[in-house]
Amino acid sequence: MSNAGDSGGDEQLNSAASGDSFGSLMLATLADLVSQSSGDIESLNNAIHTAETLLADAPADIFIPSGCWENLAILFAKRYQMTKDPDDLQTVTTWTELSAAAVTQEGLDRDRCGSKVAAYRVSSDEQTGNTQDPHDAGVQVNDAMPETPQDVLTVDWIQSLNSVRGTSGAGIGVQASAEISDDSLDSISAIISDLATQHTNEPKSLDNAILLAENILAAAPHHTIRATCFNDLSRMLNMRYILTANLDDLEKAIELLELAVAAISPDEPNRVPIMINLSTLLSSRFERIGDLNDLQQALLLAEEVLAGTSLDHHDRADRLSYLSQKLGMRFERTGDLDNLERAVFYAEEAVDVTSLYHPNRAYHLNNLAQSLSRRFERTGDLDNLKRAIMCAEEAVTATPVNYPNRAVILSNLSIMLMFRFERTGDIEDLPRAILLAEEAVGTFPQNHPNRVMAMSNLSAMLNARFNHTGDLDDLRQAISQAEKAVTATPLDHPARANDLLNLSLILSKRFERTGDLDALQLAILRAEEAVTAFPLNHLKRASGMNNLSSMLAQRFERTGDLENLQLAIFWAEEAVAATPQDDCGRPIYLGNLALTLRLEFERTGNLDDLQRAILRAEDALASLPLNHQDRASSLCNLSLMICQRFRSTGNVDDMHRAILGAEEVVAATPLDNPHRASNLCNLANCLSLKFEITENLNHLQQAILRAEEAVVAFPLDHPGRVAGINTLATMLGLRFERTRDLDDLQQAILWNKMAVDATPLDHCSRAGRLNTYSMNLHWRFERTGNLDDLHQAIMRAEEAVDATPLKNPDRALYLSTLSSVLSSRYELTRNPDDLKQAILRSEEAVTIPPLDHLNRAGYLITLAFCLIQRFKCTGDLEDLQHAVLRFEQVVTDSPEGPNRIIGRKNLGIALSVRYKLTNNPHDHKLAICYLRESVAQHSAAPIHRIEAALTAAPMLEEDNNWEAASEIREIAVNLLPRISSRSLGRMDQQYMIKSYAGLASDAAAAALRAGKSATVAVKLLELGRGVIANLQFETRTDLTDLRELHSDMANEFEHLRDDLDESNSLPSVSMNPIAHGASRRHKTSLELDKMIDRIRGLPNFQNFLLPPTAHDLMMAAAPMRPVVLINVSSFRCDAILIQQHNITTLNLPRLHKSTINGVARVMKSRSPTTHQMLELLKWLWDVLAEPVLEELGFREAVESGGLQWPRVCWIPTGPLCHLPIHAAGYHCEPGSRTVLDRVISSYSPSIKALLYGRRNEAQRIPSRSRASNKTILVSMATTLGCSKLEFAENEIMELNRLLPAAIPREILHEPQKEEVLTALDGCSVFHFAGHGLSHTSDPSMSTLLMADWQTNPLTVKDLVALKFHQSPPLLAYLSACSTGDNKETKLLDEGIHLMGACQLAGFRHVIGSLWEVSDKHCVETAKDVYETMINAGMSDESVSLGLHNAVLNLRGGSRDRTSSTREARNARLIESEETQDNMIRDPYIWAAYIHMGI
């Protein structure tokens, strides 16, 4: 019974034994497959295929051990790692579950298998996203957890727990009191190492890994914990520190590594990596908190590691680079150059021992590049930077795109390229640097600590590009990047100081560019934070202090707050003191210190401050290489300071040095560089100083051109443009003061207003701009008499004074300006309070500057003028004495220059006044001496020299020293063309000439009185009369000879001439600095003067456009055609007779200027009676005409049919221009005692005008036959606003009837101006019958009245603009009133009237009138003229002959008509108004007509 049962049990046991044998064999086979499978997919697939076949062939009843399933899982897990095939992962999970199910015990093996199942489920979730898998895994791990604290923790369980916590976040903990057995230590070390190499990118996973590692170590016996465990946990803590910047993690990591180093034996292989890690973390803590001890310890560890590294060790290059990095860090912290040299040495060795294709070569190259770049920053040696860039570029090339540290290398290369751009100005470097920096920022992960550094670097580069291009978008982006960098940097991070400094610099640029004071305030706050954050001995702290100083100085300049300036000087001195002598940053800091000291000088006027500033600036410049990009700005600042020293001391060498420096700066600044505008302003200021010393207008012109260029170069919203505009306004005011060009002054005041309006009320520059505004408004008041300008000038001057501190040296200038405008108001109102205040202000101004200050002389002059005013008011001689003393101080104490010149002239004038009061001969002698010195001063302004001459000459004449008086007056006449130059507009030319009316005539009279020849007198009259017309003659001169020999120069001359003409049509003021008329005119005039000098340098052209020689003067005359120039002066009156072979003088003792003035007033009254007119003509005959004609041999009347009529060209001067010399005589008596009966008369404003007309005719281009030239006939019977001319239409019709049919004509009835101007082109004769209007104050606005005359008048100016000189028309017949009259008595010698305008336009002959003409008689006169001309073939001679005949006919009486076939009537000429037959008509009717021409 029992045996059967036993027998069955044995069989089962035997069967089981057989199955165990097969299972063991299978387990061994699968284990071999696992161990033998290589890393390639093919061998792995073969192994899996064999394993699956083996399992498939196994008997169904055979028990398969759990290890078989586990080995199968391992094979599929390997393939999954290679293919990421989710089916493989699912198979792994299945085999693992079978493995767990096959475990026969509930011990650790089952727990291990359960934990593995959980791990694979977690992996499945990562692959599939199935959230159920991690949940099931967590449950399974919990089930596998040991139930009691005393249970031993398994390695597999810990791995599973880590996987589950990292993925699902399940709340699974570890009992801290659990113990780990000694035999598990190897596994524990492996687990912690595994934790340290995984879960580094996901913060939650990293947290879990650190917690697990900490708990494992906490549960293990301390004596059993290995150093590698501390090292691995330290690595995890450091990684979390990198991600979170939590300093506690870094502190714990360092503590663990210190434990590790202490726990590991010196010969342990793992000791070196642990030491390197500790060194790295210590340097990280140094970077974070700035404790230099950390860096020192890091360096010691790195040096120890390297010392223990053999020369052939495979890690030697890495360790060399590492030590080089730490040395570089200590250099940056301490500035010890030895550290830097060692860093370069080790970095070079690291590169040298690394093969070209070694993966770490890029790292070593980058490190060497950084070391070389640091050495460049320290020494300024450009070769170091070039090598650094080469290394960095090689590093970038050797770095794969996905290399983790590629972003760092890119960022470093970008910085080096920016350094090179800043050093050399090579624009190609900057865009590339920005592209690399942008790539670096984009490459760094968002939370990477180096990304902040890259952002800060990018912001600096964008700022550099903004500095180069002025593009505000770059500035905005730079600020954005810099702000992000600061925000992302922890408050206690050492890098924050550098980021703050960078942000502050960029914000200060925004202030400089936009004037945004808030940006400057924020910049200063950030700079202060940066300086505070830098350790005291940090190398970059000096840079921070320097930048803070610069910004504080900017705030002082903006607000005037003295505390800012004091702090700026303090920080600048600190920066210099903290910087080694050979540091390449030291020149920058010295330059900034110089600027702050210069500001202190400007505030106090203490020359010692300026001297110190110049010494610092010179040191800075001397320390910079010649090709350094900052050299230009350094030289610019030095030039500005030297310029200021010149203003204080008057040392001319300083002036020249400043100009040379400023010119070098501008030459070195590219056209598109945003700093070019400010550099141009600096050069303009230097050049204007040269003008102030030399009085050479060319220097001022150059200064203005530079200032205009600067204003154009500034962006419209740039705050620097306001300063540029003010500079330009100042210089235009100076040019007005010198030339009296009103357009300059108008433009200057426009700029002044813009500058003041754009300057904030609290801006420290506002006072200076107000002062300039006041000065220019004052000038305009003196020129125009506009009272509003004077009131505004006083308000602006008072505001400037009130805004200036008492101790500010500029206050003296503002007080002096206020004194001047108050004294002007006194002259106007005679309010004694104004004069009192003017004197008080001047006295205060004199006390402010040092006695040797250059500007003090100007303040003394202002005070002296005020004292003279009070003397004139009160007669108190003491005031005059004090004024003389002040002028003497100027002459004695001032260097040669404008103030001394003005002082000398006015001292002479003041002494002459005192002489008149005291009769002290010493005063008389001294006055003449000082005045003659002033006249002889070639550098003085022509106005001052002329004024001195006009004061000195009468004193010399009083002494009967006519020789000296003549010399002085001759100098004055020679200066007249310079004060009324072609660079002035028409109105200004007239204004200047009016100031010196009669000067040429007085000079000619003085020359004759001194016994000089008639030729000298003529030359003086030709030079000093018709000055404005002479300028026109010069530019319209014949260029035939020049063109034949030098066509290029002739063409250039014509181009400049035309450009000059066009400039007069430009607006007088413009928002565009180079578009207003004065600017263009002065520029072109200067170029034209240079061109004329060049032409005079050519062979045979030495007299080009010079005044006529004696030979030329005599060429104006011809046989029986003398020229008579009648000079009228208060000294004497003379007729200068110019004949073909000689020039003689005929004194006219009975002709007196006072009498002429009286007669002229009668003529200008427009109501002389017939009796008055006849008496006037008799008087003219007696005192002038008869003596001249007798002297010329024209003693008898020309008989009918007799010889050819002699012709005389009269050139009257002064008031004689109003009188009809051609009509002089006794017309009511028989005989030939009249000019009309002896000669044909013509007039000319000057000999030069005659020569001009004759040369034009001689060089006339025969492009058309005479017959083909048309005649323009214009009638204005009805003119808006004027009386109707009943006979004007008839006059034109009569002429149309007279003209031969062969002569083409164009008849215009009541045309508009443009129609007439168009018709004039190509005409031969222009006849106008209508109203003429002589302007009462501006003769250039005298007008021929057309239909649109009220809105678009045809003026003298328009006629002068016509250019017919190459094909000059025959005749302009102006049958209108007063076309030869000039009502402005001070411009009589200029010949500015409608007749003169037609002559200038190119008409060979002009017929017009001296006063009003009769409408009715105009018809008869015109018919007679044209009849004669037609009969004579329209020749040149026929014009004056025709008018002569017409006047004779109009005069009436029985006189024979020239060329008339009618019988003569011998009726007695009587004056009685009772008899009508055979009477002489009223001379007022017929004497009005005159002829001008060749």
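Remember, it's a predicted structure, so these values are computed and weren't measured experimentally. (Residues numbered from 1 in each chain as written. Predicted model: local features only at pLDDT ≥ 70, side-chain atom pairs only at ≥ 80, totals over all residues. Heavy atoms only, no water.)

1. Some thoughts on the packing of aromatic side chains
Piece 1. According to the stated counting rule, one finds 10 aromatic pairs in the structure shown.
Piece 2. Ring centres of Phe736 and Trp779 lie 5.7 Å apart, and the angle between their planes is 75°; this geometry places the pair in the edge-to-face category. Highlighted residues: Phe736 in helix H32 (residues 719–739) and Trp779 in helix H34 (residues 766–784), separated in sequence by 43 residues.
Piece 3. Positioned above the aromatic ring of Tyr991, the side-chain terminus of Arg783 is 3.8 Å from the ring centre. (Phe/Tyr/Trp six-rings, centres within 6.5 Å; stacked < 30°, edge-to-face > 60°. Helix = DSSP H or I, 4+ residues; strand = E, 2+ residues; numbered from the N terminus. Lys NZ or Arg CZ within 6 Å of the ring centre and 35° of its normal.)

2. Points about the side chain of His364
Piece 1. Turning to its location among the elements, His364 is positioned in helix H16 (residues 361–379).
Piece 2. According to the relative accessible area criterion, His364 is buried, its value standing at 1%.
Piece 3. Sequence-distant contacts of His364, defined by excluding residues within four places in its chain, comprise Ala317, Asp318, Ser321, Ala350, Val351 and Thr354. (Buried < 20%, exposed > 50% of the residue type's maximum accessible area, 1.4 Å probe, protein only. Contact = heavy atoms within 4.5 Å.)

3. Regarding the confidence of the model for the protein chain
Close reading of the predicted structure is inappropriate where its pLDDT is low.
Piece 1. Across the protein chain, the average pLDDT comes to 83, with 87% of residues at or above 70.
Piece 2. No element of the protein chain has a lower mean pLDDT than helix H7 (residues 155–168), which averages 45, and none a higher one than strand S1 (residues 1123–1128), which averages 97.
Piece 3. Contacts of residues 1–19 to residues separated by more than four positions or lying in other chains number two contacts, the stretch itself having pLDDT below 50.
Piece 4. Between residues 137–142, whose pLDDT stays under 50, and residues either more than four places distant or in other chains, the model counts 16 contacts. (pLDDT = per-residue confidence, 0-100.)

4. Describing unusual backbone geometry
Piece 1. Positive phi, close to 60°, is recorded for Asn919, a residue that is not glycine.
Piece 2. Inspection of the secondary structure assignment puts Asn919 in the loop between helix H40 (898–918) and helix H41 (921–936).
Piece 3. Here the phi dihedral of Asn1100 falls at roughly 75°; this positive angle occurs in a residue that is not glycine.
Piece 4. Note that Asn1100 resides in the loop between helix H50 (1077–1096) and helix H51 (1110–1115).

5. Topic: the environment of Arg825
Piece 1. Note on placement: Arg825 falls in helix H36 (residues 811–829).
Piece 2. Setting aside residues no more than four positions away along its own chain, Arg825 makes contact with Leu790, Ile794, Arg830 and Asp834.

6. A word on the sheet that holds strand S9 (residues 1332–1333)
Piece 1. As summarised here, the arrangement of the three strands in space is S9-S10-S11, forming an open sheet in which the pairing is antiparallel. Pairing within the sheet leaves two strands with one partner each, and these edge strands are S9 and strand S11 (1354–1355). (Pairing = 2+ DSSP bridges.)

7. Some remarks on the environment of Gly544
Piece 1. Here Gly544 lies in helix H24 (residues 541–559).
Piece 2. Along the primary structure Gly544 and Ala497 are separated by 47 residues, whereas in three dimensions their C-alpha atoms are 8.7 Å apart.
Piece 3. Filtering out sequence-adjacent residues up to four positions away, Gly544 remains in contact with Leu501 and Val531.

8. Concerning helix H47 (residues 1027–1035)
Spacing of three or four residues puts side chains on the same side of an α-helix, whose turn is 3.6 residues.
Piece 1. Burial analysis of H47 places eight of its nine residues in the buried class, the great majority of the element.
Piece 2. Where H47 is concerned, the buried positions are Val1027, Ile1028, Ala1029, Asn1030, Leu1031, Phe1033, Glu1034 and Thr1035.

9. Here we look at the pairing of strand S13 (residues 1405–1409)
Piece 1. Counting buried positions along S13 gives five out of five residues, so the element sits mostly inside the fold.
Piece 2. The alternating pattern of S13 places His1405, Ile1407 and Ser1409 on one face and Val1406 and Gly1408 on the opposite face, and all of these are buried.
Piece 3. Between the parallel pair strand S12 (residues 1371–1375) and S13, the chain is carried across by helix H58 (residues 1394–1401), and the sense of this crossover is right-handed.
Piece 4. Direction of pairing for S13 relative to strand S14 (residues 1489–1493): antiparallel, over a ladder of five bridges. Bridge pairing in S14 places Ile1407 opposite His1491. (Right-handed = clockwise from strand over helix to strand, strands pointing away.)

10. Let's talk about the pattern of salt bridges
A pair can form between side chains of opposite charge whenever their charged atoms are brought close.
Piece 1. Under the counting rule described, the total for this entry stands at 69 salt bridges.
Piece 2. Residues Arg612 and Glu573 are paired through a salt bridge, measuring 3.3 Å at the closest nitrogen-oxygen approach. Highlighted residues: Arg612 in helix H27 (residues 607–623) and Glu573 in helix H25 (residues 562–577), separated in sequence by 39 residues.
Piece 3. Among the ionic pairs, Arg1094 bridges to Glu1052, the shortest N-O distance being 3.7 Å. With Arg1094 in helix H50 and Glu1052 in helix H49 (residues 1047–1063), the pair connects residues that are 42 residues apart, well separated along the chain.
Piece 4. With relative accessibility at 35%, the residue Glu1052 sits in the partly exposed group.
Piece 5. Three or more residues are tied together by salt bridges with common partners; here these are Arg1043, Glu1054, Arg1057, Asp1058 and Lys1363. (Salt bridge = Lys/Arg side-chain N within 4 Å of Asp/Glu carboxyl O.)

11. Describing the state of the cysteines
In protein structure, a disulfide is the covalent linkage between the sulfur atoms of two cysteines.
Piece 1. This model, assessed by the stated rule, comprises zero disulfides.
Piece 2. Here Cys1398 stays unpaired: no disulfide links it, and the sulfur of Cys1323, its closest cysteine neighbor, is 9.6 Å away.
Piece 3. Of the residues examined, Cys1398 reaches a relative accessible area of 1% and is grouped as buried. (Disulfide = S-S within 2.5 Å.)

12. With respect to the packing of helix H30 (residues 676–694) against helix H31 (residues 697–713)
Piece 1. Between H30 and H31, whose axes approach to 8 Å, the crossing angle comes to 165°. Taken together, the axes of H30 and H31 lie roughly antiparallel to each other. When the axes of H30 and H31 are compared, the crossing they make is left-handed. Counting all contacts with H30, which are made through Arg676, Ala677, Leu680, Cys681, Leu683, Ala684, Leu687, Ser688, Lys690, Phe691 and Thr694, the residues of H31 involved are Leu697, His699, Leu700, Gln702, Ala703, Arg706, Ala707, Glu709, Ala710 and Ala713.
Piece 2. Of the residues that constitute the contact of H30 with H31, the class distribution is 13 nonpolar, four polar and four charged. (Axes fitted to C-alpha atoms, helices over the stretch in contact; angles between N-to-C directions. Parallel < 35°, antiparallel > 145°, perpendicular 65-115°, else oblique. Left-handed = near helix turned anticlockwise from the far one by under 90°. Nonpolar A, V, L, I, M, F, W, Y, C, P; charged D, E, K, R; others polar.)

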